[in-house]
Amino acid sequence: MTQGQLNGSQILLKALTDQGVDVVFGYPGGVVLPLYDELFKQEAVRHVLVRHEQGAIHAAEGYARSTGRVGVLLVTSGPGATNTVTGLTDALLDSTPIVCLTGQVPTDLIGNDAFQEADTTGITRACTKHNYLVKDVNRLSYTLHEAFHVARSGRPGPVLVDLPKDILTAVGEYLSPHEVQHKSYYPQTKGDPSAIAEVIHLMVNAKKPLFYCGGGVINSGLSAVEKLMQLVHNTGFPVTLTLMGLGAVPASDYHYLGMVGMHGTYEANMAMHDCDLMLCVGARFDDRVTGKVSAFSPNSQKVHIDIDPSSINKNVVVDIPIIGDVSNVLEEILRQWEALIHKPNRSLLTPWWNQIEAWRSLQCLRFETTDNVIKPQRVIRSLYEATRGRDVYVCTEVGQHQMWTAQHFGFDQPRRWMTSGGLGTMGFGLPAAIGVQVAHPHSLVIDIAGEASIMMNLQEMATAIQHRLPVKVFIINNRYMGMVRQWQELLYGGRYSESYSATLPDFTKLADAFGWTGLHVDKATALDEAIRTALDIPGPVIVDVVVDSSENCFPMIPAGAAHNEILLEPAKDAGKALGSEEGMVLI
Amino acid sequence: MIIETKQEARHTIAVLVDNEAGVLARVIGLFSGRGYNIESLTVAEVNPRNKLSRITIVTIGTPMIIEQIKAQLRRLVPVRKVSDLTAEGPYVERELALVKLKGTGEARREALQIAGIFRARVVDSTNESFVFEIVGHSGKLDAFVNLMRPVGLVDVSRAGVVAIARGSEPL
Ligand SMILES: Cc1ncc(C[n+]2csc(CCOP(=O)(O)OP(=O)(O)O)c2C)c(N)n1
Ligand SMILES: [Mg+2]
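Being a predicted model, the structure only gives us computed values, none of them experimental. (Residues numbered from 1 in each chain as written. Chains lettered and ligands numbered in written order. Predicted model: local features only at pLDDT ≥ 70, side-chain atom pairs only at ≥ 80, totals over all residues. Heavy atoms only, no water.)

Caption draft 1: Structural context of the interface of chain A and chain B. Residue-level contacts link 20 residues of chain A with 17 residues of chain B. Overall, the association of chain A and chain B removes approximately 1,600 Å² of surface from exposure, summing both partners, and the carbon and sulfur fraction of that is 56%. The largest contributions to the chain A side of the interface with chain B come from R125, H130 and V317 of chain A, which together make up 33% of the buried area. Our count for the chain A to chain B interface comes out at one salt bridge. (Contact = heavy atoms within 4.5 Å. Buried area = accessible area lost by both parts, 1.4 Å probe. Salt bridge = Lys/Arg side-chain N within 4 Å of Asp/Glu carboxyl O.)

The structure is reproduced here in structure tokens:
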């Protein structure tokens, strides 16, 4: 080995440190042993051993979403790689920057059906933003730097680098990040100023304007969040957020109408339907947001600000598309708005706000309070109240508990809310919470779970113990795959086919078995005490909260319905409202 | 702005890509994964020094779908340039086909006569067969193949569409 030359494993570790990576989530195996040997000899990069590769990728997602940095994982070939496929798809749909390093059989065995060989780049082509198979050790550092560049630039996403074993041992040249010139990937970040001028014109004349903002605002960074807040305040326009955007505007702000979409608030969805100017910022007109596209916000002019040109006019045709980084574009909008000689009189918006107040007064998120049986919404409210003012991060699994959390837990800051939006991956929350806790060791990290979802990555409880990660899991235990049961109740005549959570484990004993603390609560009067106790315990805790098993999540826009057909409670004619053929197909 | 119409149209799209492993699979995967049509797809390296290949895709879709296809193509990391030749101005489009006929006597004479009209060349012949080479617009090739069917056509191999903008500007 001549000077300046390193073996592939050393190159990889050097590239990681040069990219500012301080932790990788991983699981070893045959072909990555050279790399694990190199990891053993150094201290710069911390390795967090998970218990299943799906856990590694969701942990990396939690890490990335809560920090804004690239999450990194390292797994072996074959089953190690295929176990990451769900997480890659999850990160692709939720625009989470991930670099996934997979081992591969040695170059000369590729294609031979060798032991633990899988066509990893082939399998993951459709679920990564980009992927690479490294065939020359001298291309390794270049490829890794480009992988990080692609993962974090433009619309972020997962990038996979497949590393044959011989590449990890071969000796080659290392290039540092500033010696690397990327060939082609440079997304447009500055918005077209003349299009922005048109937007200002629409804003000045709007009588019923609305900001509809999504995860793109958070991905764009803190300055985007600040500018959005300024713009909302300087204009006095109302704002709604998508599931992915929660925290982009403080939930406590007067202008905030709550979440939009299938389980969004009445006021947010009605405002979407009735507005005359929709300013979509970093959101993508997802079908859970739009409902029936043909009836979507029929009377509005639509502006769409997004860094990804393929998001423009994909589901909904807009009047003014602006391609660019949200932060840059909002800055220019703010500049032009502030430069207006005649700012529109705010009182022009009064009728609109009066209308919004009328919708708000319905208090669509109201729920019954009881002394006995615990209402699931109460658990979220109590958790929110108990953690107010604390440094808290919240993850969820997927189902009713996820939607109740989105509705009832108020997020006042970005990057505090980690949920699987686009893919809806049950089993996301616990490993994601582990990743968040690794990034924020002194913060309070909570996973709000369903009793069915939590079973999907339970093995990661051991990871939390090994790495001293005091995550708090609250199981909203309704003994049902509640979201499935809700649809079956409303659409399938109450035939609860396979949605009962049979043979559940005793979660407190399970906690014991893993070295966690387990608590159980089933009385409404004991709930707050149980929450306080759990939050005070220094280590990881599972709280099994037994809740009303028949509660449904409302408001609800039935799939295939329009925003103004939103249901506030189970309608008498629910079958009719919900049972449209279009709706059945969309489920 | 895009007009909201359901009217489908045929578009010829030229794509300049890095000639690296898997790039064609990425493009094809995009079309199959998102349910777009591929009428024709051709690919070959056109710039060996910079290792660039050119892909010509003929597809059919509504204006919204065509815009999506272009945006999705541009999103692929190895894609350098995407040009909608149909939308961007005059261009020439050509396809090459090799057409095999089996027959003797009258059929042979008729085949040669049709080939003459279409300016197809004979590139192989035996006592009882011909292989014609024909170049032109895909529609012309369709017509040629249809006319040859009753006179003994047994095999067709088509290269797919290649296209280039008129005038002096490169892609
Ligand atoms: C991996 C995966 N499989 C299946 C589903 C479909 N699904 C959506 S919600 C749900 C039920 C979740 O039950 P639970 O975790 O108990 O949450 P609840 O709805 O009861 O709050 C199911 C099965 C999914 N989202 N993800
Ligand atoms: Mg449940």
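Caption draft 2: Expanded view of the pairing of strand 1 (residues 9–18) of chain B. Residues and elements named next belong to chain B. Within strand 1, eight of the 10 residues are buried, which leaves the element mostly enclosed by the surrounding structure. In terms of strand pairing, strand 1 meets strand 3 (residues 52–61) through 10 bridges, oriented antiparallel. Opposite T12, over in strand 3, you have V58 as the bridge partner. Direction of pairing for strand 1 relative to strand 4 (residues 79–84): antiparallel, over a ladder of five bridges. Bridge assignment links V17 to a residue of strand 4, and that residue is V79. (Buried < 20%, exposed > 50% of the residue type's maximum accessible area, 1.4 Å probe, protein only. Helix = DSSP H or I, 4+ residues; strand = E, 2+ residues; numbered from the N terminus. Pairing = 2+ DSSP bridges.)

Caption draft 3: Representation of the coordination of the magnesium ion (ligand 2) within the structure. Coordination sphere of the magnesium ion (ligand 2), protein contribution only: E451 of chain A (OE), E451 of chain A (OE), N478 of chain A (OD1) and Y480 of chain A (O), at 2.0 to 2.7 Å. Here the magnesium ion (ligand 2) is ringed by six donor atoms whose angles at the metal span 52 to 174 degrees, and the overall shape comes out irregular. (Donors = N, O, S within 2.8 Å, 3.2 Å for Na, K, Ca; no water. Tetrahedral: all angles 85-135°; square planar, octahedral: opposite > 155°, others 65-115°.)

Caption draft 4: Here's a closer look at the sheet that holds strand 11 (residues 256–259) of chain A. Residue and element names in this part refer to chain A. A sheet is described by the order of its strands in space; here six strands give the open sequence 11-10-9-12-13-14, paired in parallel fashion. A strand with exactly one partner marks an edge of an open sheet, and here the two such strands are strand 11 and strand 14 (320–323). Strand-to-strand twist in this sheet, taken as the mean axis angle between neighbours without regard to direction, amounts to 15 degrees. Relative to the sheet, helix 14 (residues 326–338) contacts strand 12 (277–281), strand 13 (301–306) and strand 14, its axis offset from that of strand 13 by approximately 130 degrees. (Axes fitted to C-alpha atoms, helices over the stretch in contact; angles between N-to-C directions.)

Caption draft 5: Focus on the pattern of salt bridges. All names here are of chain B. Considering all chains together, one arrives at 26 salt bridges over all chains under this definition. Here E67 ties to K70 by a salt bridge, and the two come within 3.2 Å at their closest N and O atoms. Separated by three residues within a single helix, E67 and K70 lie in helix 2 (residues 63–75), roughly one turn from each other. On the basis of relative accessible area, E67 is assigned to the partly exposed category, the value being 35%.

Caption draft 6: Region of interest: the packing of aromatic side chains. Residues and elements named next belong to chain A. Going through the model one piece at a time under the given rule, you end up with 16 aromatic pairs over all chains. A ring pair is formed by F285 and F296, whose centres lie 5.9 Å apart and whose planes are at 90 degrees; its orientation type is edge-to-face. One end of the pair, F285, is in the loop between strand 12 and helix 13 (287–290); the other, F296, is in the loop between helix 13 and strand 13, and 11 residues separate them in sequence. Residue F285 shares its accessibility class with F296, and that shared class is buried. A ring pair is formed by Y480 and Y500, whose centres lie 5.3 Å apart and whose planes are at 70 degrees; its orientation type is edge-to-face. With Y480 in the loop between strand 18 (472–477) and helix 20 (482–491) and Y500 in the loop between helix 20 and helix 21 (507–514), this residue pair connects regions lying 20 residues apart in the sequence. Since its relative accessible area comes to 48%, Y500 is described here as partly exposed. Here a set of aromatic residues connected by ring pairs shows up, and it is made of Y384, F409, F411 and W417. One residue, R360, lies across the ring of Y254, its end atom 5.0 Å from the ring centre. (Phe/Tyr/Trp six-rings, centres within 6.5 Å; stacked < 30°, edge-to-face > 60°. Lys NZ or Arg CZ within 6 Å of the ring centre and 35° of its normal.)

Remember, this is a structural readout, not a statement about activity or role.
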